[in-house]
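# What the coordinates show
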Amino acid sequence: MRSLQPLEAPVDPVDALRRVGFLLERTRQHSRRVEAFRGAVDVVRGLAEGELATHVEGGTLTDLPGIGPSTAGVIAQAAAGELPDYLAAKQEEHGGPLVTGGETLTEAIIGDCHLHSDWSDGGGPIEEMVLTAVELGHEWMVLTDHSPRLRIANGLSAARLARQIDLLRRIDHSLGESITVLAGIEVDILDDGSLDQSEEMLDRLDLVTASVHSKLRMPREPMTRRMLTAVANPHVNVLGHCTGRLVTGSRGTRPQSEFDARAVFEACAEHDVAVEINSRPERCDPPDDLVELALEAGCLFAIDSDAHAPGQLEMKAYGAERAERLGVPQERIVTTWEVDRLRAWARGS
Ligand SMILES: [Zn+2]
Ligand SMILES: [Zn+2]
């Protein structure tokens, strides 16, 4: 994975708007601002030929629904062949490296086993997630929207998931060699350790990331049983954010779930399930001591973004910094593997 080089003039108005959105997302800035810029991209793309030029020349960009003074300024300056001031300021402010350390591993990461689109609780359409992944140098990505029981996150029913799989196959086919888009799910681990999607649908997916999102304060013994049952399920490939903790951010903090981590990681190693290193700064999950325990248990790892917006795909740099600092060998990180190897592993062959 690479960082994006700063844009220079001349720049296409859509590229300028997309880049502002990306820069705000990667550093988790004001979501309303992000929505304004991402929304403006859709508005501009939806215009008939010549319509944008007419509005630029007439100074009537803000007459367009969804275009305000900031987005109009960016469009007008880009259309005039200049680097928009707003974009230049954001590149200056938010364009630097996200983190120091882990650069070698960051570069080696070519895939992602955990990311969301606006089909569940993500903020970006699938196409924009894919386009950004290509720009960041990903060779493959697995879309893993939520499962039905997570209603608050607009989890996908079996019927919606079936439609999404068809769409992903079409998108993947249309992209040729530039990236491989795989169909996956972030499936809820239910209280008894079973999974929140039918066998038939799980069978159709390329990869399954399984996570606990409910009853995180369950006592240690049933929580251990719950996780062991999930890890032993042959459909599961990645154990997502295993402790459920939140260490910072707008949702507040939350302590880690109690479970026998050694037993769970040993089961992961036995069943060839990768332990996710969730890169989101507010999760930073599992904590360092548990990464070390999983390393000792012989586990594979997946450094994932858990991106809910295109710019957040780059957050894997945080996970890479942690993995490199904790001495996780690259060979054991599935998100550095070539897509064929990843697929064969996920199929269990
Ligand atoms: Zn999750
Ligand atoms: Zn997620």
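Every chain is numbered on its own, with residues counted from 1 as its sequence reads. Going through the entries in the order they are written, you letter the chains from A and number the ligands from 1. This being a predicted model, a pLDDT of at least 70 is required before a residue's local features are given, and a value of 80 or more before pairs of side-chain atoms are given or counted; all residues contribute to the totals for chains, interfaces and linings. Values reported for side chains reflect all heavy atoms of the structure, with hydrogen atoms and water molecules removed beforehand.

## A few points about the domain arrangement of the chain
For an interface, size is often stated in terms of accessible area lost upon the parts coming together. Just so you know, the domain bounds were taken from an automatic or database domain assignment. For the chain, the assigned domains read domain 1 (13-94) and domain 2 (103-347). In this structure, domain 1 and domain 2 have C-alpha centres spaced 32 Å apart. Contact criterion: two residues are considered in contact whenever any of their non-hydrogen atoms come within 4.5 Å of each other. On the domain 2 side, the residues contacting the 7 residues of domain 1 number 14 residues. Using a 1.4 Å probe, buried area is obtained as the accessible area two parts lose upon being combined, added over both of them. Both sides of the domain 1 and domain 2 interface together cover about 900 Å² of buried area, and 46% of this is carbon and sulfur.

## Topic: the layout of surface pockets
Of the grid points, spaced at 1 Å and generated over the protein atoms alone, those admitting a 1.4 Å probe that cannot get out make up cavities, while open sets with protein on both sides within 12 Å along at least five of seven lines make up pockets; any residue with an atom within 4 Å of a point is treated as lining. Grid points are joined across faces, edges and corners, and a volume is the space filled by probe spheres set on the points. There is about 1,100 Å³ of room inside the largest pocket. As for the largest pocket, its lining consists of 45 residues, of which Asp121, Gly123, Arg280, His308 and Gln312 are closest to the centre. Only DSSP runs of H or I reaching four residues or more are called helices, and only runs of E reaching two or more are called strands; each is numbered from the N terminus. Where the lining of the largest pocket is concerned, the elements lending two or more residues are α1 (13-26), α2 (31-45) and α7 (126-135). Ranked by the residues each element gives to the lining of the largest pocket, the list is headed by α2, at 7 residues. Here the residues of the lining of the largest pocket are counted per class, giving 12 nonpolar, 16 polar and 17 charged. When residue character is reported, Ala, Val, Leu, Ile, Met, Phe, Trp, Tyr, Cys and Pro are called nonpolar, Asp, Glu, Lys and Arg charged, and the others, Gly included, polar.

## What to know about the coordination of the zinc ion (ligand 2)
For the zinc ion (ligand 2), every protein donor is listed as His114 (NE2), His116 (NE2), Glu186 (OE) and Asp306 (OD), and the spread of their distances is 2.1 to 2.3 Å. Here the zinc ion (ligand 2) is ringed by 4 donor atoms whose angles at the metal span 81 to 168°, and the overall shape comes out irregular. Because no water is among the atoms considered, metal sites can look incomplete, with donors defined as N, O and S atoms within 2.8 Å of the metal, or 3.2 Å for Na, K and Ca. Between the zinc ion (ligand 2) and the zinc ion (ligand 1), the interatomic distance is 3.4 Å, and Glu186 donates to each metal, bridging them. Type-normalised accessible area, obtained with a 1.4 Å probe on protein chains alone, sets the label of each residue: buried when under 20%, exposed when over 50%, and partly exposed for intermediate values. Classification of His114 by relative accessible area gives buried; the value is 0%. According to the relative accessible area criterion, His116 is buried, its value standing at 0%. Working rule for geometry: tetrahedral if four donors all subtend angles between 85 and 135 degrees; square planar for four, octahedral for six, if opposite donors exceed 155 degrees and the others stay between 65 and 115; irregular in every other situation.

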